[in-house]
Amino acid sequence: QVRVVESGGGLAQAGGSLRLSCAASGSIVQFQSMGWERQAPGNKREFVAAIYYDGRTNYTESVEGRFTISRDGAKTTVNLQMNNLEPEDTAIYYCTAVLRPSFYDPFKNYWGQGTQVTVSS
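Remember, predicted model here, so these are calculated numbers, not experimental data.

Undergrad: I'd love a proper account of the overall build of the protein, names of residues and values included.
TA: Scanning the protein from N- to C-terminus turns up zero helices and eleven strands. Scanning the protein from its N terminus toward the C terminus, one meets helices and strands in the order β-β-β-β-β-β-β-β-β-β-β. Computed over C-alpha atoms, the radius of gyration of the protein comes to 14 Å, within 12% of the 14 Å expected from 2.2 N^0.38 for 121 residues, which places it in the range of a compact globule. Reported as C-alpha extents along the three principal axes, the dimensions of the protein are approximately 50 × 25 × 20 Å. The buried share of the protein, taken over its 121 residues, is 41%. A separation threshold of at least 6 residues defines the contact pool for the protein, and within that pool the share at least 24 residues apart is 55%. Seen as two clouds, the 11 positive and the 11 negative side-chain charges of the protein have centres 8 Å apart.

Next comes the structure, spelled out in structure tokens:
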């Protein structure tokens, strides 16, 4: 069974910083990517950032230059460093992992439970 668990988040002032971490564990034989999505009240969930098996990264335009996604050497933990935060960044942030739980399975998407990020003006 695969588990995806986020940590970090909380409250920050505009212009401040927060760091999110996410660890995937369990039956995992291959990663395709890990990343973050977010959902603000009344809005649809949106893509924030991702890091792929080959180290490539991708960001949504609104966080480009402010957020940085990285992973540890084992590739099972990713971090999202969020700098110069804006009130518009307030949302629940969900970690996502696209991986194969076994070589008999296709790649599947797994999500964490979410962590709240609140940015005050």
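Here the narrative resumes, following the displayed structure.
Undergrad: Mind laying out the environment of V78, listing which residues take part and the relevant values?
TA: Among the secondary structure elements, V78 is positioned in strand β8 (residues 77–82). Residue class for V78 comes out buried when judged on its relative accessible area of 1%. C-alpha separation for the pair V78 and C95, spaced 17 residues apart in sequence, amounts to 8.8 Å. Filtering out sequence-adjacent residues up to four positions away, V78 remains in contact with L20, S21, C22, M34, W36, I51, S70, R71 and C95.

Undergrad: Explain the pattern of salt bridges to me, and be specific about the residues and the numbers.
TA: According to the stated counting rule, one finds seven salt bridges in the structure shown. Linking D89 and R66 is a salt bridge whose minimum nitrogen-to-oxygen distance equals 2.8 Å. A residue pair is termed long-range when its members are at least 10 positions apart, and D89 in the loop between β8 and β9 (91–100) and R66 in the loop between β6 (57–59) and β7 (67–71) qualify at 23 residues. Note on accessibility: D89 and R66 belong to one class, buried.

Undergrad: Can you break down the nonpolar core residue by residue, with the values?
TA: If you look at the biggest cluster of nonpolar residues, it comprises 29 residues, and the most contacted ones within it are M34, W36, V48, F67, L80, M82 and Y93. Counting only elements with at least two residues in this core, the list comes to β1 (2–8), β3 (18–26), β4 (30–39), β5 (46–52), β7, β8, β9 and β11 (115–120). Beyond its immediate sequence surroundings of up to four residues, Y93 is in contact with E6, L20, W36, E37, R38, V48, F67, L80, M82, G114, T115 and V117.

Definitions and limits used
Residues numbered from 1 in each chain as written. Predicted model: local features only at pLDDT ≥ 70, side-chain atom pairs only at ≥ 80, totals over all residues. Heavy atoms only, no water. Helix = DSSP H or I, 4+ residues; strand = E, 2+ residues; numbered from the N terminus. Rg over C-alpha atoms; globule rule 2.2 N^0.38 Å. Buried < 20%, exposed > 50% of the residue type's maximum accessible area, 1.4 Å probe, protein only. Contact = heavy atoms within 4.5 Å. Lys, Arg positive; Asp, Glu negative; His and termini not counted. Charge placed at Lys NZ, Arg CZ, Asp CG, Glu CD. Salt bridge = Lys/Arg side-chain N within 4 Å of Asp/Glu carboxyl O. Core = buried A, V, L, I, M, F, W, Y, C linked by side-chain atoms within 4.5 Å.

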